[in-house]
Amino acid sequence: MEIIQATEATQLLMHTKGKESAMSGWIKLLAVGELLKVSPADWNRKRPPYAIANYISKKTGRIYQCGKLPGFDGWVIKRLS
């Protein structure tokens, strides 16, 4: 066992009950101005990852800017507020 400091604990990703995926957890951990880059190898679902960001935005009031990378190297999600 180990004790984790409060600064590190805020960055710890935990799965909770319900329909929360690792992707939604990473999006919720973004601070204002941070980017999350998602490669096609990491994402194998039909809908793009920014669909999750839009859902979180509607539920929490946070604003995200989402889009594809040039040459389809993946997607980028940036938290604006």
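Residues numbered from 1 in each chain as written. Predicted model: local features only at pLDDT ≥ 70, side-chain atom pairs only at ≥ 80, totals over all residues. Heavy atoms only, no water.

(A) Local environment of the overall build of the protein. Per the secondary structure count, the protein includes three helices and three strands. Each helix and strand of the protein, placed in order from N terminus to C terminus, yields the pattern α-α-β-α-β-β. Out of the 81 residues belonging to the protein, those deemed buried represent 25%. Partitioning the intrachain contacts of the protein with sequence separation of at least 6 by distance along the chain shows that 51% fall at a separation of at least 24. By element, 55% of the accessible surface of the protein is carried by carbon and sulfur atoms, the whole surface being about 6,300 Å². (Helix = DSSP H or I, 4+ residues; strand = E, 2+ residues; numbered from the N terminus. Buried < 20%, exposed > 50% of the residue type's maximum accessible area, 1.4 Å probe, protein only. Contact = heavy atoms within 4.5 Å. Areas by Shrake-Rupley, 256 points an atom, 1.4 Å probe, with all protein chains shown as cover.)

(B) Examining the side chain of Arg-79 more closely. Mapped onto the fold, Arg-79 is located in strand E3 (residues 75-79). Despite its burial, Arg-79 remains without a salt bridge, the nearest opposite charge being carried by Glu-34 at 7.4 Å. (Lys, Arg positive; Asp, Glu negative; His and termini not counted. Salt bridge = Lys/Arg side-chain N within 4 Å of Asp/Glu carboxyl O.)

(C) Representation of the packing of aromatic side chains. Considering all chains together, one arrives at one aromatic pair under this definition. Between Phe-72 and Trp-75 the ring centres are 5.2 Å apart and the planes differ by 90°, which places this aromatic pair in the edge-to-face class. A residue is classified by how much of its surface remains accessible, and Phe-72, at 43% relative accessible area, is partly exposed. (Phe/Tyr/Trp six-rings, centres within 6.5 Å; stacked < 30°, edge-to-face > 60°.)

(D) Up close: the sheet that holds E3. Spatial strand order, E1-E3-E2: three strands in an open sheet with antiparallel pairing. Because the sheet does not close on itself, it has two edges, and the strands there are strand E1 (35-38) and strand E2 (64-68). Strand after strand, the sheet turns through a mean of 15° between neighbouring axes, direction not considered. The pairing of E1 with E3 spans four bridges and is antiparallel. In the strand pairing of E3, Leu-35 is matched with Lys-78. This element, helix H2 (residues 22-29), spans E1, E2 and E3 of the sheet and lies at about 155° to E1. Across the sheet, helix H3 (residues 50-60) touches E2 and E3, and the angle it forms with E2 is around 165°. (Pairing = 2+ DSSP bridges. Axes fitted to C-alpha atoms, helices over the stretch in contact; angles between N-to-C directions.)

So yeah, pure geometry; function would need other evidence.
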